[in-house]
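# Examining the three-dimensional arrangement
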Amino acid sequence: MNSPPDADRAPAGDRTSSCDAHWRADIASLVFPVPEHRAICAVHRGAFRTLLGTDPTADACLAHFRRFEQAFKAAARAKIERKRIPPEQICILPVATSPESC
């Protein structure tokens with residue numbers, strides 16, 4: 001699927017977390033940068049459905065991410081390292097919110 005070139009950027013004026021996490025409707029996922037890897041990490045709505053026990057809204061996904069932001073970032077870094085994902089590639093996190101279960 002082709003996305004607009006700026007689809008992974010937060011809209012101007014959007015209230016995002018300190019790491020620029022935002023919702024991408026075109027892939028039904030929350031995305032956040034992993035700057036030290038020059039990558040974008042994505043967490044699909046289905047993962048949040050499992051974590052939250054309900055069909056979540058984009059705002060609910062963002063709120064959950066913000067609450068557990070450090071765990072999501074640690075899980076992304078751990079997966080990148082473990083899977084040896086090349087720089088500038090997309091890292092997709094499964095349901096896990098900790099590096100141990102990612």
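Everything that follows concerns the structure shown earlier in this document.
First, a word on what this report is: a plain description of the structure on this page. These numbers come from a predicted model, not from an experiment. (Residues numbered from 1 in each chain as written. Predicted model: local features only at pLDDT ≥ 70, side-chain atom pairs only at ≥ 80, totals over all residues. Heavy atoms only, no water.)

## Topic: the sheet that holds strand S3 (residues 39-44)
Read across the open sheet, the four strands follow the order S1-S2-S3-S4; overall the sheet is mixed. Pairing within the sheet leaves two strands with one partner each, and these edge strands are strand S1 (22-24) and strand S4 (90-93). Going across the sheet, the axis of each strand differs from the next one's by a mean of 35°, ignoring polarity. Judged from the six bridges that link them, strand S2 (residues 29-34) and S3 form a sheet pairing that is antiparallel. In the strand pairing of S3, Leu30 is matched with Val43. Docked against the sheet, helix H3 (residues 69-83) engages S2, S3 and S4, running at close to 120° with respect to S4. (Pairing = 2+ DSSP bridges. Helix = DSSP H or I, 4+ residues; strand = E, 2+ residues; numbered from the N terminus. Axes fitted to C-alpha atoms, helices over the stretch in contact; angles between N-to-C directions. Contact = heavy atoms within 4.5 Å.)

## Description of the packing of aromatic side chains
Here the structure, examined in full by the defined rule, presents three aromatic pairs. Measuring from ring centre to ring centre gives 5.3 Å for Phe65 and Phe72, while their planes differ by 45°; the resulting arrangement is tilted. In this structure, Phe65 and Phe72 share a single accessibility class: buried. Ring pairing ties together the aromatic residues Phe32, Phe48, Phe65 and Phe72, which thus form one cluster. (Phe/Tyr/Trp six-rings, centres within 6.5 Å; stacked < 30°, edge-to-face > 60°. Buried < 20%, exposed > 50% of the residue type's maximum accessible area, 1.4 Å probe, protein only.)

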